[in-house]
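Inside the fold
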Amino acid sequence: SPEKDEPLNVTDSKGNESVLNGYTKISFPRWSCHLLGLRHRCPHGVVVLTNGFIIIQRRSRTKDVSPGAFDISVGGHIKGNGSYDETIYIEMAEELGFRESDISRITEIGIYESNTSIPEKHFYSIEARKVYELKLIDGSFDKIKFLDDEVAGVYLCLEDEAKELLKNDNIASGLKNTLPFYLKWKSSIN
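The shown structure was predicted, so the numbers you read here are calculated from the model rather than taken from an experiment. (Residues numbered from 1 in each chain as written. Predicted model: local features only at pLDDT ≥ 70, side-chain atom pairs only at ≥ 80, totals over all residues. Heavy atoms only, no water.)

All right, on to the side chain of Arg 129 then. Topologically, Arg 129 is positioned in strand β10 (residues 123-136). Residue classification places Arg 129 among the buried positions, given a relative accessible area of 2%. Looking at Arg 129, its side chain comes within polar contact range of the side chain of Ser 114, at 3.3 Å. At 2.6 Å, the side chain of Arg 129 and the side chain of Glu 127 are in polar contact. (Helix = DSSP H or I, 4+ residues; strand = E, 2+ residues; numbered from the N terminus. Buried < 20%, exposed > 50% of the residue type's maximum accessible area, 1.4 Å probe, protein only. Polar contact = N/O pair within 3.5 Å; in protein donor to acceptor, adjacent residues only side chain to side chain.)

What follows concerns the packing of aromatic side chains. Note on aromatic pairs: each is described by the distance of the centres and the angle between the planes. In the structure shown here, the tally under the stated rule is three aromatic pairs. When the centroid spacing of 6.1 Å and the interplanar angle of 55 degrees are considered together, the rings of Phe 70 and Tyr 155 count as tilted. Taken together, the positions of Phe 70 in strand β7 (residues 70-71) and Tyr 155 in strand β11 (residues 151-157) put the pair 85 residues apart, joining distant regions of the chain. Residue classification places Phe 70 among the buried residues on the basis of a relative accessible area of 13%. Since its relative accessible area comes to 33%, Tyr 155 is described here as partly exposed. On the numbers, 5.8 Å between centres and 40 degrees between planes, the contact of Tyr 182 with Trp 185 is tilted. (Phe/Tyr/Trp six-rings, centres within 6.5 Å; stacked < 30°, edge-to-face > 60°.)

Regular strands show a simple pattern: their side chains alternate between the two faces of the sheet. In terms of residue burial, strand β5 (residues 40-48) counts as a mostly covered element, since nine of its nine residues are buried. Residues His 40, Cys 42, His 44, Val 46 and Val 48 line one face of β5 and the alternating positions Arg 41, Pro 43, Gly 45 and Val 47 line the opposite face, and both faces are buried. Pairing geometry for β5 and β10, over nine bridges, is parallel. Following the sheet pairing, His 40 is matched in β10 by Glu 127. Sheet topology note: the β5/strand β8 (residues 74-75) ladder contains two bridges and is antiparallel. By the bridge assignment for β8, His 44 is matched with Gly 75. (Pairing = 2+ DSSP bridges.)

This part is about the side chain of Gln 57. The residue Gln 57 is located in strand β6 (residues 54-59) in this model. With a relative accessible area of 4%, Gln 57 lands in the buried category. There is a polar contact of 2.9 Å between the side chain of Gln 57 and the side chain of Glu 95. Setting aside residues no more than four positions away along its own chain, Gln 57 makes contact with Ala 69, Phe 70, Asp 71, Ile 72, Ser 73, Val 74, Glu 95, Glu 150, Val 151, Gly 153 and Val 154. (Contact = heavy atoms within 4.5 Å.)

Structure, rendered in structure tokens:
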């Protein structure tokens, strides 16, 4: 598929892009990054409704990795010279149909490194994930649409229920790794 050929810039664990000769960014096709385990940038967003419910997505069964699994609200790869900030909005629109105008507040939480290995599929994904909390405007949930065949549906839950989902065997790395990162941040501000 074309998405497997999209260029991803190689980064360090903090999301700083690697450069050659002081100015040329190093890029590889997405499939190559996942085959060789080259670190790349991915934003992840936890979408929260005004009543405190978190949107958990259910991945499409057609996905190569973790088909049908529960996953974080929104996530994706940054193509080439794109940025974390612009990509989180692109992914939110593609996966859930929400626009920037549907968000009352976006909070940048931080960056962590995620490592996902599936040796039998020759899949080694190392990501510098920047995590955001995205607060929906009241009534925006009614605009939800699954536009790109990546998301099969959503599950709405409160934080305690989301923690219980982490015990489920059918969860993708986004939920498994990003949700605890988010919840740790959330408990530090309360």
